[in-house]
Amino acid sequence: MVAGRRPGRRTNIALLVLLVGCFVSGCAAFGVGRAPESRLVTIAHGAAGLGILVLAPWKTVIARRGLRRPRGHTVGIVFAVALAVSLLAGLAHSTFGRLEVGTVTALTVHVAAAVAAVPFAVSHVARRRQRLRPGDVSRRVVLRAAGLGAVAALAYAAQDAITLVADLPGARRRETGSYQVGSGRPAGMPVTQWFTNRVPRIDLATYRLEVSGSDGRALHLTHGDLVAMDSVVDESAVLDCTGGWWAEQVWRGVRLATLLGMPQQGSITVHSVTGYTRRFPAEEAAVLLLATHVGGAPLSPGHGGPVRLVAPGRRGFWWVKWVDQVSVEPSPSWVQPPFPLQ
Ligand code: HEM
Ligand code: HEM
Ligand SMILES: Nc1nc2c(c(=O)[nH]1)N[C@H]1C(S)=C(S)[C@@H](COP(=O)(O)O)O[C@H]1N2
Ligand SMILES: [Mo]
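Residues numbered from 1 in each chain as written. Chains lettered and ligands numbered in written order. Predicted model: local features only at pLDDT ≥ 70, side-chain atom pairs only at ≥ 80, totals over all residues. Heavy atoms only, no water.

**Regarding the pairing of strand 7 (residues 245-255)**
Point 1. Relative to strand 7, strand 3 (residues 179-180) is paired through 2 bridges, and the arrangement is parallel. Residue Gln180 lies in a different strand from strand 7, and its bridge partner there is Trp246.
Point 2. Bridge count for strand 6 (residues 233-241) against strand 7 is 9 bridges, and the pairing is antiparallel. Across the sheet, Asp234 pairs through a bridge with Arg252, a residue of strand 7.
Point 3. Between strand 6 and strand 7, which follow one another and run antiparallel, lie 3 residues, and Gly244 among them has a positive phi close to 105 degrees.
Point 4. When strand 7 meets strand 10 (residues 289-294), the two strands line up antiparallel, connected through 5 bridges. Bridged to Val254 within strand 10 is Leu290. (Pairing = 2+ DSSP bridges. Helix = DSSP H or I, 4+ residues; strand = E, 2+ residues; numbered from the N terminus.)

This is the structure we're talking about:
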């Protein structure tokens, strides 16, 4: 670096790129549920996170110098602590398995600390602004950035190799980063709610499923009606929770297309007794299953009984439990928060 310029500026800018990359790829890791897309996303995510660690020695020099200046450091320090917690928890999850204390897992801590760090990161970067300069697109800088990317990728490969050779649990995670729990044994599968939902009590005698198609006409089905339908199918599908576990079970139920036909446009809203709702592209009526059974037995209340959605290839938060309404609506499926809010 040239004397008189702020040394460390490019390190800080590289960190900013990596932080944004981590955040975006982390959210994408929750958004996609199929190989090979999931694999690409989690590799990019892990490498970007390790890239931050690669730059840590340089950043330590910058931070030390900053800390010697007479001004407020709280934002920077809180940010550093939250990020360190997130990184440690993320690495712990990916290396040592689904670490769990009560209902809190390392992956939950990882994501929560990362989300909590965001306002501090924004404030830190806004207070310690780094300007881009013409020289920042030089050949040398591009080569350095490529070098950093290569070292980050190597660090990821090294972690992968270590878990494999040392036979650590990390070697057995799925492409989404999740660990297998209770496949073929529904009672061994965790009961998981996204945020605030509680397992509701549903009386089978009064339970009705309301199904309304594009013509707006509604059908009211009892649990018995659903179970007795002759188009019931058995299908093996993987429930992969963003909490970091997955299980493959045989689900039994009817396809949405059987109840709704194939809607020509719009989207399908699947609503729970608890208010929890997800919206799907109309064409998925052909694959989405309204299940009443898992592993040959009726769904337990915890796992969504009497009726839950099975959404093959989608992450767990799409698998709406305790479904009481399915409806075709004119709005497109992306008109919803990317993640549930309850
Ligand atoms: C890995 C993420 C980062 C961590 C953990 C971190 C942490 C810190 C800490 C603890 C300090 C010293 C206290 C302070 O001056 O506030 C500091 C200083 C600083 N940070 Fe960061 N920071 C990170 C990323 C960034 C980014 C993305 C930028 C800007 C793009 C940035 C720009 C600066 C600047 C300019 C200083 C002051 C250096 C000086 O005064 O000589 N930092 N950082
Ligand atoms: C600044 C923010 C973040 C950083 C620095 C970060 C960093 C990391 C690191 C280093 C790992 C371990 C990767 C490995 O060793 O294989 C990891 C794993 C993971 N992170 Fe993040 N992360 C961040 C935010 C997020 C967010 C916001 C989400 C989700 C919304 C997320 C989801 C995940 C998942 C699912 C894994 C497991 C992937 C696997 O095991 O291959 N992360 N993260
Ligand atoms: N109504 C409702 N359905 C829900 C949730 C919820 O909180 N409320 N959580 C989702 C999440 S995050 C997952 S991983 C699966 C978990 O299903 P399980 O409890 O049968 O394992 O249900 C999904 N369906
Ligand atoms: Mo989940």
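**Structural notes on the coordination of the iron atom of ligand 1**
Point 1. Within the protein, the atoms that donate to the iron atom of ligand 1 are Lys59 (NZ) and His124 (NE2), at distances of 2.0 to 2.1 Å.
Point 2. Around the iron atom of ligand 1, the 6 donor atoms are arranged such that angles at the metal cover 83 to 179 degrees; this shape is classified as octahedral. Taken together, the residues span a long stretch of sequence, with Lys59 in helix 2 (residues 37-68) and His124 in helix 4 (residues 106-127) at a distance of 65 residues.
Point 3. Overall, Lys59 belongs to the partly exposed group, its relative accessible area being 23%. (Donors = N, O, S within 2.8 Å, 3.2 Å for Na, K, Ca; no water. Tetrahedral: all angles 85-135°; square planar, octahedral: opposite > 155°, others 65-115°. Buried < 20%, exposed > 50% of the residue type's maximum accessible area, 1.4 Å probe, protein only.)

**Observations regarding the site of ligand 3**
Point 1. In the vicinity of ligand 3 lie 21 residues, with Pro190, Asn197, His303, Arg308 and Lys321 positioned nearest.
Point 2. Take Pro190: an N or O atom from its main chain is 2.7 Å from an oxygen atom of ligand 3.
Point 3. Contact between ligand 3 and Thr274: a nitrogen atom at 3.4 Å from a side-chain N or O atom of the residue.
Point 4. Alone, ligand 3 offers 530 Å² of accessible surface; in the complex the protein occludes 100% of this. (Near = heavy atom within 4 Å. Polar contact = N/O pair within 3.5 Å; in protein donor to acceptor, adjacent residues only side chain to side chain. Areas by Shrake-Rupley, 256 points an atom, 1.4 Å probe, with all protein chains shown as cover.)

**Considering the pattern of salt bridges**
Point 1. Under the definition given, this model contains 12 salt bridges.
Point 2. With its nearest N and O atoms 3.6 Å apart, the salt bridge here joins Glu175 to Arg174. Pair check on accessibility: Glu175 and Arg174 agree, each one buried.
Point 3. Between Arg315 and Asp240 there is a salt bridge whose closest N-O contact spans 3.1 Å. (Salt bridge = Lys/Arg side-chain N within 4 Å of Asp/Glu carboxyl O.)

**A word on a nonpolar patch on the surface**
Point 1. A grouping of Leu67, Ile77, Val81, Val85, Val104 and Val109 is seen on the molecular surface, where their side chains present a nonpolar patch of about 450 Å² in accessible area.
Point 2. Take the nonpolar patch: its biggest share by element is 3 residues, from helix 3 (residues 74-96).
Point 3. Tracing the chain through its elements places Val104 in strand 2 (residues 104-105). (Patch = residues over 30% accessible without salt bridge, like charges linked within 9 Å, V, L, I, M, F, W, Y side chains within 5 Å.)

**Regarding the domain arrangement of the protein**
Point 1. The domain boundaries assigned to the protein delineate domain 1 (9-177) and domain 2 (182-329).
Point 2. Inter-centroid distance (C-alpha atoms) of domain 1 to domain 2 is 36 Å.
Point 3. Contacts between the two partners involve 11 residues from domain 1 and, on the opposite side, 12 residues from domain 2.
Point 4. Interface of domain 1 and domain 2: buried area, both sides summed, is about 980 Å²; carbon and sulfur atoms make up 50% of it.
Point 5. Taken as a group, Phe30, Arg98 and Arg174 account for 54% of the area that domain 1 buries against domain 2, more than any other trio of residues on that side. (Domains from an automatic or database assignment. Contact = heavy atoms within 4.5 Å. Buried area = accessible area lost by both parts, 1.4 Å probe.)

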